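# Examination of the molecular architecture
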Amino acid sequence: MKLMKFAFAAALCILFTACTSDDSTENLDGLIGDISLKFDNGVGDQDFIFETTYTKSNNETYKLSTLKYLISNVRLTDDEGNIFEYPSDKNVFIVDEADSNNAGEIYITLEDVDAANYTSITFGIGIDQERYLKGADGQGDFLSIAQEEGMLWSWATGYRFTRFDGVYTSGTEIEQGLNIHMGSVGTSIDNYREVTLPLPTEARVRPDKITEVHIKADISKVFDGVTSINFSDGYSQVHTSAETTPVIADNMMHMFMVHHVHNE
Amino acid sequence: MNALQNIKKIGLTLLIVSIFFRTHYGYAHNEYPPRFYFCDLCGCTTSGGSFGFGDLTASNFIGIRYTYQKYHSRNGIFANSPKSIETINTVQLWARVPLSKKLSVSTIIPVNYLQRTFEGSDENIQGLGDINIMGWYSIPLFKNTVKDSISVRDIPLSATHTLSFGLGLKLPTGSFEETLTDRVNPGFQVGTGSVDYIAALSYNFGKNNFGFNASTTYYLKTSNKNDYRFGNQFSYAVNGFYNLLRTNTFLLRPFIGISGDFFDSIEQYNQKQPDTNGSILHGAIGTEIGFDKFITGFTYSNPIQQDLFGGNVDAKSRFSAYLNFNF
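Residues numbered from 1 in each chain as written. Chains lettered and ligands numbered in written order. Predicted model: local features only at pLDDT ≥ 70, side-chain atom pairs only at ≥ 80, totals over all residues.

## As for the overall build of chain B
Scanning chain B for helices and strands turns up one helix and 18 strands. Looking at the 327 residues of chain B, the share that counts as buried comes to 45%. Within chain B, contacts between residues at least 6 apart in sequence are counted, and of these 67% link residues at least 24 apart. (Helix = DSSP H or I, 4+ residues; strand = E, 2+ residues; numbered from the N terminus. Buried ≥ 20, exposed ≤ 12 C-beta atoms within 10 Å, placed from the backbone. Contact = placed C-beta atoms within 7 Å.)

## Some thoughts on the overall build of chain A
The helix and strand tally for chain A stands at five helices and 14 strands. Relative to the compact-globule value of 18 Å for 264 residues, chain A shows a C-alpha radius of gyration of 23 Å, a clear excess of over 25%. By principal-axis analysis of the C-alpha atoms, chain A measures approximately 90 × 45 × 30 Å. Burial analysis of chain A (264 residues in total) assigns 38% to the buried set. A sequence separation of at least 24 residues applies to 78% of the contacts in chain A between residues at least 6 apart. (Rg over C-alpha atoms; globule rule 2.2 N^0.38 Å.)

## Thoughts on unusual backbone geometry
Of note in the backbone geometry, Glu175 of chain A takes a positive phi value of approximately 50° without being a glycine. Mapped onto the secondary structure, Glu175 of chain A falls in the loop between β9 (162-169) and β10 (176-180). Unlike most non-glycine residues, Phe309 of chain B shows phi in positive territory, near 50°. With respect to the helices, strands and loops of the structure, Phe309 of chain B is situated in the loop between β16 (294-308) and β17 (313-315).

## Digging into the nonpolar core
Among the nonpolar cores identified, the biggest contains 58 residues, and Leu70, Ile71, Ile180, Val205, Val213, Val222 and Ile248 of chain A are the most heavily contacted of them. It is strand β4 (residues 61-78) of chain A that provides the largest number of residues to this core, a total of eight residues. For Ile71 of chain A, the residues in contact, after removing those within four places along its chain, are Phe93, Val95, Phe123 and Ile125 of chain A. Counting residues in each nonpolar core, the second largest holds 15 residues, with Ile108, Ile131, Trp136 and Tyr219 of chain B among its members. (Core = buried A, V, L, I, M, F, W, Y, C linked by C-beta atoms within 7 Å.)

## Thoughts on the sheet that holds strand β9 (residues 228-229) of chain B
All names here are of chain B. Here three strands make up an open sheet; going across it, the order is β9-β13-β14 and the pairing antiparallel. What marks the edges here is a single partner per strand, and that holds for β9 and β14 (271-272). Note: β9 against strand β13 (residues 267-268), two bridges, orientation antiparallel. What sits directly across from Tyr228, in β13, is Gln268. (Pairing = 2+ DSSP bridges.)

## Quick notes on the environment of Gly150 of chain A
Inspection of the secondary structure puts Gly150 of chain A in the loop between α3 (142-148) and β9. Taking C-alpha positions, Gly150 of chain A is 9.6 Å from Lys68 of chain A, a pair spaced 82 residues apart along the chain.

## A closer look at the pairing of strand β8 (residues 116-125) of chain A
All names here are of chain A. By the bridge criterion, six bridges tie β4 to β8 in an arrangement that is antiparallel. Within β8, the residue paired with Thr77 across the bridge is Ser120. Bridging between β8 and strand β11 (residues 193-205) involves nine bridges; their strand directions are antiparallel. Within β11, the position partnered with Gly124 by the bridge is Glu194.

## Some details on the environment of Asp128 of chain A
Residue and element names in this part refer to chain A. Checked against the element boundaries, Asp128 lands in the loop between β8 and α2 (129-132). A count of 16 C-beta atoms within 10 Å places Asp128 in the partly exposed class. Every residue in contact with Asp128, bar those within four places of it in the chain, is listed here: Ser72, Asn73 and Tyr192.

## Here we look at the confidence of the model for chain B
Residues and elements named next belong to chain B. The predicted model of chain B averages 79 in pLDDT, with 76% of residues at 70 or higher. The low-confidence segment residues 10-44, where pLDDT is below 50, has 78 contacts with residues more than four positions distant or belonging to other chains. pLDDT under 50 marks residues 151-157. Its contacts with residues more than four places away, or in other chains, come to 21 contacts. (pLDDT = per-residue confidence, 0-100.)

## As for helix α5 (residues 245-252) of chain A
Residue and element names in this part refer to chain A. Counted residue by residue, α5 has six buried out of eight residues, so it is predominantly covered. Residues Thr245, Val247, Ile248, Ala249, Asn251 and Met252 constitute the buried set of α5. Its buried side turned inward, α5 meets β8, β9, β10, β11, α4 (220-223) and β13 (237-238).

## Observations regarding the confidence of the model for chain A
Residues and elements named next belong to chain A. For chain A, per-residue confidence averages 91 on the pLDDT scale, and 91% of positions sit at 70 or higher. In the model of chain A, helix α1 (residues 2-18) stands out as the element of lowest mean pLDDT, 52, in contrast to β8, which has the highest, 98. Long-range and interchain partners of residues 17-23, a stretch whose pLDDT sits below 50, account for four contacts in this model, where long-range means more than four residues apart.

## Comments concerning the environment of Gln306 of chain B
Residue and element names in this part refer to chain B. Here Gln306 is to be found in strand β16. In sequence terms Gln306 and Gly278 are 28 residues apart; their C-alpha atoms lie 7.6 Å from each other. Beyond its immediate chain neighbours, meaning those up to four positions away, Gln306 contacts Ile280 and Ala315.

## Observations concerning the pairing of β16 of chain B
Within a regular beta strand, the side chains point alternately toward one face of the sheet and then the other, so they alternate between its two faces. Residues and elements named next belong to chain B. Sheet topology note: the strand β15 (residues 278-291)/β16 ladder contains 14 bridges and is antiparallel. Its bridge partner being in β16, Phe291 is matched across the sheet by Phe294. Where β15 folds back onto β16 in an antiparallel hairpin, the turn is made up of two residues, including Asp292, whose phi is positive at roughly 55°. Where β16 meets strand β18 (residues 318-326), eight bridges bridge the pair, whose relative direction is antiparallel. When the bridges of β18 are listed, Ile295 appears paired with Asn324.

Have a look at this one:
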């Protein structure tokens, strides 16, 4: 009997030692990998769907047929405080709900990112003055892309940071046009904003591994954010106004959160 | 020393069986490459735990058990995200073999068939699941007045109490695929890919035609080769039964009970994954029917309370049936 107990204990020990994972520190110097940012637009706890009626705080309702915004200057901060910035000429993207997959997710894939354990992500909403001041020739391919996507007024006025197009209904107005085209107006208004989002778990970028950061974007915050706006009160047509555009820009700073991270 | 030889034999047999299954089952016959991520909290843990390691009276037996489980999982991060339906069918070879009066070993060798239906298309995975082996040490707290009761009919007339301690392992004989998809239900796997340690405590009581059993099981889980570690799990089950009909060759033993599980968060690369812990409580009703030395059991369970994966996974009713030969 004693021998049997001993054998059982020994078997346990062997299994324990045999299965210990190797936690030796890995050397990531010079290694690169890809990371995907997965933007998922919603309204509160509901997934965003085109032509669906959503209710705002003051009982105004809206439904959208276009939903696009610009993201740029993506940076990642790792667990040692190092910051990786994606190359500037490629670091500008259009998040377009119309490009989403069946699940309503829009992918932006960053390639050749330094291998590291990233703990937060920073990006800009819109285009900063530095990029704008590079002039039309300094924009590379993005200028024509933005033009095709309707994200540019004219070179002098600059980029539209957002394109929320649809209709709204209030107590007195029924299905009136709604167009939120916020942007910086040349250099006279700067509506570029940056947000830094903590990652709930580390995003581990490694060669040949898939890493995804699932970003939830709450569209309701654009209208009911830091400031609640009324469509019927001058906010149904937001274009170049120095009064309304900064309110939308500030509201958009609070619409993003990282819901979760996938590591392969 | 007979006991030691028995253990060796059983171990060797299991090894051979597992090698066979790994080679010949796995995903070889699958239409699709396996793309199942995360793990299924639920699917991996069909062997033991709240499902039980044996029949109501903890007899020695060899038999076959079938279990059916169904889950609805939200695929996405929103309240109106579409849901998938996962069904898990498991066929298990299970046994509890005495080594001496107080010592016994039990095993469960499952083969899992999983199906996932999402937006009109089906995906299937199947294969050998995770084998579990337990060693049990039983203490009869009251002397059994009927010696060498060997058949299901011979329930002693006086009260009996038995306390059993079990220690064991859940082996990574089922494949674990850590391919990145956006699955909410990480338990949708034939195995966890990890060696898990199991400690169990069970208590059996019988008096006249009444009986009662209670068991608790703790699973200490380790990381698999993908640095993925399912959360430690605490399971419990309590059943009360009554011998409604008992003749020399026939037994009808209905029972009612509750069972449940608590799961810790899943960890990957030593980081807790959000919304991966949870708990579930089942109510169960069923019966055992004995014919001579054969006993069959049927159990229907329904969740009473649950909170799995932050509410993203919804467990439906489950069913199990077994046919055992007692010895």
